[in-house]
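# Survey of secondary and tertiary structure
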Amino acid sequence: MRRRDMIRLSAGTAAAALAAPAIVRAAPAPIRIGVLAPLTGVVAAGGKEMVQDFSWFWALHGNRAGARKVELLVEDDGSNPDTALAKARQLVEQSHVDMLVGDLLANTGLAVANYVKGTGTPYFIPIVAADNLTQRDRIPNVVRVAGYSASQTTHPFGAWAAQQGYKKIATISQDYTFGYEQCGGLAQTFTAAGGKITAQFWNPLNTADFSPYLGQLANAGVDAIFAMQTGADATRFIEQYASFGLKGKIPLLGSMNFTDQSVIRTMGPEVEGIVSAAQFAEGSANPTTQAYAAAHVKKFGTLPSLYGFAMYSAAMWIDEALPKIGDTVGNPKKLLAAVESTTLVGSPLGYPVTLDAYGNPIYTIFIRKVVKNPQGKWWNVPIHSYPHVSQFWTYNLAQYLKQPSYSRSFQGIAKT
Amino acid sequence: MARLPAFLAGAAALVALPWVLPDYQLSLAVQVLVFALLGMSVDLLAGYAGRTSLGHGAIFGTATYVSLYCSATLHLSPWIGLLLGVAAAVLVALVFAALAVRTGGVYFLLLTLALGMVVWGVCLRWSSVTGGENGLRGGARPALIASGPALYWLVLAATVATAAGAWRLVRSPFGLALRGIRDSGLRMQSLGYGTTALLIAGFAGSGLIAGIGGGLYGMFNEFASPSTVALSTSVAGLLIAIIGGVGTLFGSFVGAGVLVILQNVVSEYTDRWQSVMGLMFIGLMIFAPTGLIGQLRRLRPRAAARKPLS
């Protein structure tokens, strides 16, 4: 008897759960933002920072945009494209959000982008960096609000490396799109300026032991090594680079996430002096950036990471765009037009940020070096800057779009 | 034939679902049907041939990948993509079968697990074809079933037809022979049955069901990634079969329903839905080890026997 009751009970619970009505709307209708972030899975640490900084912005503004309330519906994409897709579907079709923001990994972003192509829901990607989303495969309602494309920061980095007098560089990158594109950007501009890429290695995500690669890198006879690693891979690579005795012998150049706060804040002297390129440097002397970083330290006890910075700026971007459209937030076309025409004035970067015609922001790209700040924490300080860098660098737009996207087999390396 | 009216009412309710359910819940219903096929394909082998597979996610996902490759990359009609996807799934199932049917028990489980991982590895690393980590996207849904209800009806029709076929199969002499192998392979051999050929055929039939599910999943999701062929999908298939009841065939619908509801509805209320699932699964194993449908079947005769007394 008891068992049967239990089955009945669970069946009843299931039916009740299915029949649960959509959340009742309050008047005046709040703005509903669906936030997708990897709260579990391989990049969960980054995902938590995304949600934390995005929510922080709205909390600072009373969870309001103008007269209307802002409701955040946070869903875990599980670092998995299938889950991301299911959650996006749920947020759009069930929760009727006005827009989607977020995702971290390119594969989750691409899956959601493909879905919103059909629904027309505005989808803002401050972190998903896959070049083609704002280049060859542009989807009009997918906009890189406060985001960046993968090769945008490494194009100037390659040119900078050539200027330092480096003649030969070997690269080691994670074996997926973000790795191909970040590495390709550097390889293309570095070889165009006369440099040589002597060897390229591709390590699988979550490489525990870099020693096979480090042995070859050490003997490659190069002037510098470029490493594109994220998360735990970055931590391990930096540690092993130092323990192999390569630190100080061969200059180490890194991708934007390589020396991100999320990596270096827990590390020791092995991170010192690594040079990387990004649109944001928490150690920039700009007073607006410093005020933002100080507020972040006060609130969370940590310096802002790229993920946090991007999501915070995205929230600000949405906040600045919303007054333009008044009560018509429910109209995706108007919302997109407002966001695209917005110049972000309050950016923590301290200068106004605009989007190019393909929905990707134009930034000053910093070449940054890891040093200790007065409080004894590691941070990235700009040592050089390239103003007004778009995702197309100095290339002719039409020509650039004709070249294939960066991949393992195409790294834009100039033929000699 | 008193069950006929009930059956017809149930069928009518299923067909009428799009008029009752909003879009999102309808998409959940599509997922339930698709995953029920995956569970059923596992159940066909586990419940009737006594061979528990942990590689069916790979077979299912192969169909998803091939159908998307045909429609998104080769720009073939999605219908042809679906057919080729199912064919590819059967082919993969045949390869699996050829390597795995000589074993049984835990060795069969491990072999299918390993073969599934091979498929996953291929999908992850052969990025020029599979898109690597990014997967394949787009254009897998024909215009005819572009709307939610139309897609639902197609999936419903395909699922019902497949389930009917599977039901017929397990009650055919072939199905009985499979059950014979499950109970005693040696005796079946001594009776003159070619057990290897029978198991390979059974595996192929199971692959066909998984392939239909996977192909439809491609049409629904318009997206395939390594996680579609990953171990987690195989585990989901096995969980569905176990929750519903191994050897009940239609228990998969219940199992898929429970799993999809947990994943999509319970997760709205708590981030710990996986813990809820784990606890529920433990409870199920203790109180209803034969699965929900299996347990119902066990209870029914008792209830019937009690009736005259009251």
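Remember, it's a predicted structure, so these values are computed and weren't measured experimentally.

## Some remarks on the overall build of chain B
Within chain B one finds 15 helices and 2 strands. Taking 310 residues into account, the globule formula puts the C-alpha radius of gyration at 19 Å, and chain B, at 20 Å, falls close to it. Each of the three principal axes of chain B carries a C-alpha extent, and together these read 65 × 50 × 40 Å. Counting all 310 residues of chain B, 52% fall into the buried class. In chain B, of all internal contacts separated by at least 6 residues, the share reaching a separation of at least 24 is 77%.

## Regarding the sheet that holds strand β10 (residues 252-254) of chain A
Residue and element names in this part refer to chain A. On the basis of which strands lie adjacent, the open sheet formed by 7 strands has the order β8-β7-β9-β10-β11-β12-β13 and mixed pairing. This sheet does not close on itself; its edge strands, each paired only once, are β8 (196-203) and β13 (378-389). Ignoring which end each strand starts from, the neighbouring axes of this sheet average 20° apart. Of the strand pairs in this sheet, strand β11 (residues 275-278) and strand β12 (residues 363-372) are connected by 4 bridges, and their pairing is antiparallel.

## Examining the nonpolar core
Ranked by internal contacts, the top residues of the largest apolar core, which has 213 residues, are L100, V112, I169, I225 and A314 of chain A together with F35 of chain B. In terms of residue count, helix α2 (residues 23-48) of chain B provides more of this core than any other element does, 17 residues in total. Counting contributing residues, this core receives three or more from each of domain 1 (27-149 + 285-360) and domain 2 (154-279 + 364-402) of chain A. Aside from chain neighbours lying at most four places away, what touches V112 of chain A is L36, A84, L85, A88, L100, D103 and Y123 of chain A.

## Here's the deal with unusual backbone geometry
Residues and elements named next belong to chain B. Of note in this structure, E222 is not a glycine but carries a positive phi near 55°. As for its placement among the helices and strands, E222 is situated in the loop between α10 (195-221) and β2 (223-224). On the basis of neighbour count, E222 is assigned to the buried category, with 23 C-beta atoms found within 10 Å. One non-glycine residue, L249, adopts positive backbone phi at about 60°. Mapped onto the fold, L249 is located in the loop between α12 (231-244) and α13 (251-269).

## A short note on the domain arrangement of chain A
Residue and element names in this part refer to chain A. What the domain assignment lists for chain A is domain 1 (27-149 + 285-360) and domain 2 (154-279 + 364-402). Taken over C-alpha atoms, the centre of domain 1 sits 26 Å from the centre of domain 2. Each partner contributes residues to the interface: domain 1 has 23 residues there, and domain 2 has 19 residues. When residues of the side of domain 1 that touches domain 2 are traced back to their parent elements, those giving at least two are α2 (44-60) and α11 (306-321). Looking at the side of domain 1 that touches domain 2, its residues break down into 12 nonpolar, 7 polar and 4 charged.

## Digging into the interface of chain A and chain B
If you look at the interface, chain A gives 25 residues, while chain B gives 27 residues. Listing elements by their share of the side of chain A that touches chain B, those giving two or more residues are α1 (2-19), α3 (81-94) and α4 (106-119) of chain A. With 8 residues, α3 of chain A is the largest single contributor of residues to the side of chain A that touches chain B. Of the residues assigned to the side of chain A that touches chain B, the class counts are 13 nonpolar, 6 polar and 6 charged.

## Considering the environment of D131 of chain A
Residue and element names in this part refer to chain A. By the element assignment, D131 lies in the loop between β5 (123-124) and β6 (142-143). With 24 C-beta atoms counted inside 10 Å, the residue D131 sits in the buried group. Sequence separation of D131 and P332 is 201 residues, and the distance between their C-alpha atoms is 23 Å. Filtering out sequence-adjacent residues up to four positions away, D131 remains in contact with S149, A150, S151, E181, S405 and Y406.

## Details of the packing of α13 of chain B against helix α14 (residues 273-287) of chain B
Residues and elements named next belong to chain B. Put simply, α13 and α14 touch, their axes get as near as 9 Å, and they point 125° apart. If you check the angle between α13 and α14, you find them oblique. Read as a crossing pair, α13 and α14 show a hand that is right-handed. Seen from α13, the contacting residues are L262, Q263, V266 and S267; seen from α14, they are W273, V276 and M277. For the contact of α13 with α14, the per-class residue count stands at 5 nonpolar, 2 polar and no charged.

## Observations regarding the pairing of β13 of chain A
All names here are of chain A. The pairing of β12 with β13 spans 9 bridges and is classified as antiparallel. Looking at the pairing, F366 lines up with S385 of β13. Counting the residues between successive antiparallel strands, the hairpin from β12 to β13 contains 5 residues, one of them, G376, with a positive phi of roughly 85°.

So, how was this worked out
- In this convention, every chain numbers its residues from 1, walking through the sequence in written order.
- Both sets of labels track the order of writing: A upward for chains, 1 upward for ligands.
- For this predicted model, a pLDDT threshold of at least 70 governs which residues receive local features, and a threshold of 80 or more governs which side-chain atom pairs are given and counted, while totals over whole chains, interfaces and linings are taken from all residues.
- Runs of H or I in DSSP of at least four residues are treated as helices and runs of E of at least two as strands, each being numbered from the N terminus.
- Computation of the radius of gyration draws on C-alpha atoms, with the globule rule given as 2.2 Å multiplied by the number of residues to the power 0.38.
- Each residue is classified by how many other C-beta atoms fall within 10 Å of its C-beta atom, where C-beta atoms are placed from the backbone; a count of 20 or more means buried, 12 or fewer means exposed, and values in between mean partly exposed.
- Whether two residues are in contact is decided by their C-beta atoms, placed from the backbone, lying within 7 Å.
- If DSSP finds at least two bridges between two strands, the strands pair.
- To get an axis, fit a line to the C-alpha atoms, keeping to the stretch in contact for a helix; angles then go from 0 to 180 degrees between the N-to-C directions.
- In this usage, the nonpolar core is the set of buried Ala, Val, Leu, Ile, Met, Phe, Trp, Tyr and Cys residues whose C-beta atoms join them within 7 Å.
- Domain segmentation is taken from an automatic or database assignment of domains.
- Asp, Glu, Lys and Arg are counted as charged, while Ala, Val, Leu, Ile, Met, Phe, Trp, Tyr, Cys and Pro are counted as nonpolar; the rest, among them Gly, fall into the polar class.
- Roughly parallel means an angle under 35 degrees; roughly antiparallel means over 145; roughly perpendicular covers 65 to 115; every other angle is labelled oblique.
- Helix crossings are classified by the rotation of the near helix relative to the far one: an anticlockwise turn of less than a right angle makes the crossing left-handed, while a clockwise turn makes it right-handed.

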